[in-house]
Amino acid sequence: MDETDMNKATLVRLGWLPGIVICTVLSSCGGGSSHSQESVDVDGQLSSATTLEQYLKRGYIDSYSGSNNYDTDDTTGTETATDGVADADSSADESGYSTTNTQESGVDEADLIKQNGNYLYAVQQPMPAWLDSDSPTEPQILSWATSDDPVSSSLQGTTSLTGAYSVDGLYLLDQQLVALTRSGVDGTQHTGYSSVAEVDDYYSPWYWKSYSTDIRLLDLADPAQPNQSYQLSIEGYLLSSRVVDGQLYLVSKFTPAIEAPYGSDLSVNEWQQQVLDTPIEDLLPRVWIDGEVSGHLFEDGDCNVPDLTAANSYNGYPSIVSLIRVNLSDPSDWQASCNSGRISGVYASTDAFILTGYTDSRWDATRLDWYDLDSFSLIASGSVPGTLDGTLPSFRLSERAGLLRILTSSWNWSVWDDVAIDDVDEWQPEVSTNSDDSTSSSATDSTTVESSDDWQHRLFILKPASDGSLDLVAQLPNSERTSVIGKPGEDVKSVRYFGERAYVVTFEQTDPLYVINLSDSSDPYIEGELEITGFSSYLHPLNDTLLLGLGQAADDSGFTQGVKLSLFDTSDPANPTEISSLELGSRGSWSDALYDHHAISFMDTDSGVRLAFSWSEYEDWNWQGNRIFVADINTSPDTITDTGSLTTRLNQTYQSADDDNYRYYYGYSRVALQGAGLHLISNGTVESGTLESW
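Given the structure is predicted, the values throughout are model-derived calculations rather than measurements.

Conventions adopted
Residues numbered from 1 in each chain as written. Predicted model: local features only at pLDDT ≥ 70, side-chain atom pairs only at ≥ 80, totals over all residues. Heavy atoms only, no water. Pairing = 2+ DSSP bridges. Helix = DSSP H or I, 4+ residues; strand = E, 2+ residues; numbered from the N terminus. Axes fitted to C-alpha atoms, helices over the stretch in contact; angles between N-to-C directions. Phe/Tyr/Trp six-rings, centres within 6.5 Å; stacked < 30°, edge-to-face > 60°. Buried < 20%, exposed > 50% of the residue type's maximum accessible area, 1.4 Å probe, protein only. Lys NZ or Arg CZ within 6 Å of the ring centre and 35° of its normal. Disulfide = S-S within 2.5 Å. Polar contact = N/O pair within 3.5 Å; in protein donor to acceptor, adjacent residues only side chain to side chain.

K.L.:
Quick rundown of the sheet that holds strand β4 (residues 140–148)? Include the residues and the values.
P.N.:
Reading across from one edge, β2-β3-β4-β5 is the order of the 4 strands in this open sheet, with antiparallel pairing throughout. What marks the edges here is a single partner per strand, and that holds for β2 (113–115) and β5 (151–160). This sheet shows a mean twist of 20° between the axes of neighbouring strands, independent of strand direction. Direction of pairing for strand β3 (residues 119–124) relative to β4: antiparallel, over a ladder of 6 bridges. Along β4, the bridge assignment pairs Ala122 with Leu142.

K.L.:
How would you summarise the packing of aromatic side chains if you had to cite specific residues and measurements?
P.N.:
One pair of aromatic rings is described through two measures. These are the centre distance and the angle between the planes. Enumeration according to the criterion identifies 7 aromatic pairs in this entry. On the numbers, 5.9 Å between centres and 15° between planes, the contact of Tyr119 with Tyr121 is stacked. Of the two residues examined, Tyr119 and Tyr121, each falls in the buried class. We note Lys493 situated over the ring of Phe535; from NZ or CZ to the ring centre the distance is 4.9 Å.

K.L.:
I'd love a proper account of the state of the cysteines, names of residues and values included.
P.N.:
Under the counting rule described, the total for this entry stands at 1 disulfide. What pairs with Cys303 in a disulfide is Cys338, and their sulfur atoms sit 2.0 Å apart. Its torsion about the S-S bond being -70°, the disulfide of Cys303 and Cys338 is classed as left-handed. Highlighted residues: Cys303 in the loop between β13 (292–296) and β14 (320–327) and Cys338 in strand β15 (residues 334–340), separated in sequence by 35 residues. A single burial state applies to Cys303 and to Cys338, both of which are buried.

K.L.:
Provide a residue-level description of the environment of Asn683, including the pertinent values.
P.N.:
Inspection of the secondary structure puts Asn683 in the loop between β37 (677–682) and β38 (685–690). Sequence spacing of Asn683 and Pro126 is 557 residues, and the spatial spacing of their C-alpha atoms is 9.1 Å. One polar contact links the side chain of Asn683 to the main-chain amide nitrogen of Gln125, over a distance of 3.0 Å.

K.L.:
Give me unusual backbone geometry: which residues, what numbers.
P.N.:
Here Asp149 and Pro150 are connected by a cis peptide whose omega angle stands at -5°. Mapped onto the elements, Pro150 comes out in the loop between β4 and β5. Residue Pro477 is reached from Leu476 by a cis peptide bond, and omega for that bond is 0°. Mapped onto the fold, Pro477 is located in the loop between β23 (470–476) and β24 (491–498). The phi dihedral of Asp245 is positive, around 50°, even though this residue is not glycine. Relative to the assigned elements, Asp245 resides in the loop between β10 (237–244) and β11 (247–254). Here Asp245 falls in the exposed class, since its relative accessible area comes to 69%. At Phe298, a position not held by glycine, the phi torsion is positive, near 65°. Positionally, Phe298 belongs in the loop between β13 and β14. In this structure Phe298 comes out as buried when scored by relative accessible area, which is 9%.

What follows is the structure, encoded as structure tokens:
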């Protein structure tokens, strides 16, 4: 297939298939009573129902067996945050203090601390009673007044979040603090099938999902005492959120709680009829405003649901995914869009909001639902082969100028024609150790595609089509660009997009860093490659030519060692080089920042960027204590000979191995930078000082 044909290829909408088939005929699986089994005309009774009602009721009827109660809903990869960089080091603040490290410039993400240079707000989550009997039973927000001369902090006030179990994150605006909390609701109020919570409920697929996601707006007229002024609660649990231009976008997932007739006097058919007779409102997520019930979402039945006419339509446990938009300057201005199925992740740019997950036909394809933020409407849906599995899955996506770039991985690439794409390039070149790809001469060490039972990684570039599907603009590798991403057996450890480049790290025994040229969206190619030991699990572009990597060191056999920082020079993208590196600790050493990009802070300095994070030091798997690490990176073009120097400013123990209680610590830690010092936050409490004082 030539390039012209490939550019015309179109991603097709999938018919949704069950992720797990529990039983094909409910009555044959046992359960229920021995009552007469008169057939229930499910199709006839649902013929005049909305597609949403058909999806929900048919999903339940088709999903139950008489002896099993498994939930096929998948939440793997649910994010507390994610996404790519639009501008060089968009997360390094120029105001003399660090802010939340985010994926995309102009797209804020929730975190457990927020600061503005005058105040630092930190979440204090409740501790288990066996660990701390004096711990509050509800989460709190602690308000700390901060200063940079000298660097200090003092507790000014405490705000309890009444009725909440936990806090998922905060947003800080000029005169407003937004807290996203999780509260409990009684899921049995929907149907009345079960009025008393029994021990067996712990094994119900809904027991641990009986939550509401609360959007709490707190006024900062008195910054020491945030005062809650509004609360919007949506039934369901939070997947992720973003704030763009003063608008909060939040995704929650809801699964109605309907009890199966196991051990009851109901026959299977009687139970099916009970499901069919259930009012649709009882299967929809409830809404509360300031604690008062305010109806249900999606009562009009308008929802993006599977194609129920497909030959193998989805019949797994039905879930409703709510995409909520709230105008934070006027919270009464909010709206909700309905989606459904196995959605588990979010990516957002300043223009696009994309829901990701598994398709309902396979586990080795990635579903994509693309929303336009201006119109708050779904403009395209489709899927691509491979998955986003691993840490920071949304970093595998990037939207730029109306094009979506996405990198997926698969162990089973041979099934591509049965998964998602119409006319994906079908080439399968001979296995070789070196590429003869003359069009990508800078990547001559890259291998070509291995057998289908090995890791295979592909980059797709997509755009919305006029019919609501996704057009395939380009893919890599392809029949012309045969160099593959990763050596045989290597998994993708990190991905970062920066302008017209993509950086990809793969690893099995060594760490190849790939530089992919995206300047021509119809013809991406591997421009350069660097192979070193260890790997980077997080990549952070500092400017056009410097790339920071945070990951783990490894020996020549691929056994991981301590935490490693690497500084890469990409000024010659065909020949990237590692110009500086540091290793912290030995085997077993780790940091939250390896898996959570909010756990690393950046702040601009006169000569470049300062970074900070906490880490746990181990020596041969024996814990030595917890440390604060701070380093300065010189990025000044005026001192080119020193550009890229990585200088350690602080590597100080703050929690020793003698403190046995720390082994049972349930909180979180952050290191926030300000002026010449830092603030160490441990589950809401703050210790502050200059670097020298630590």
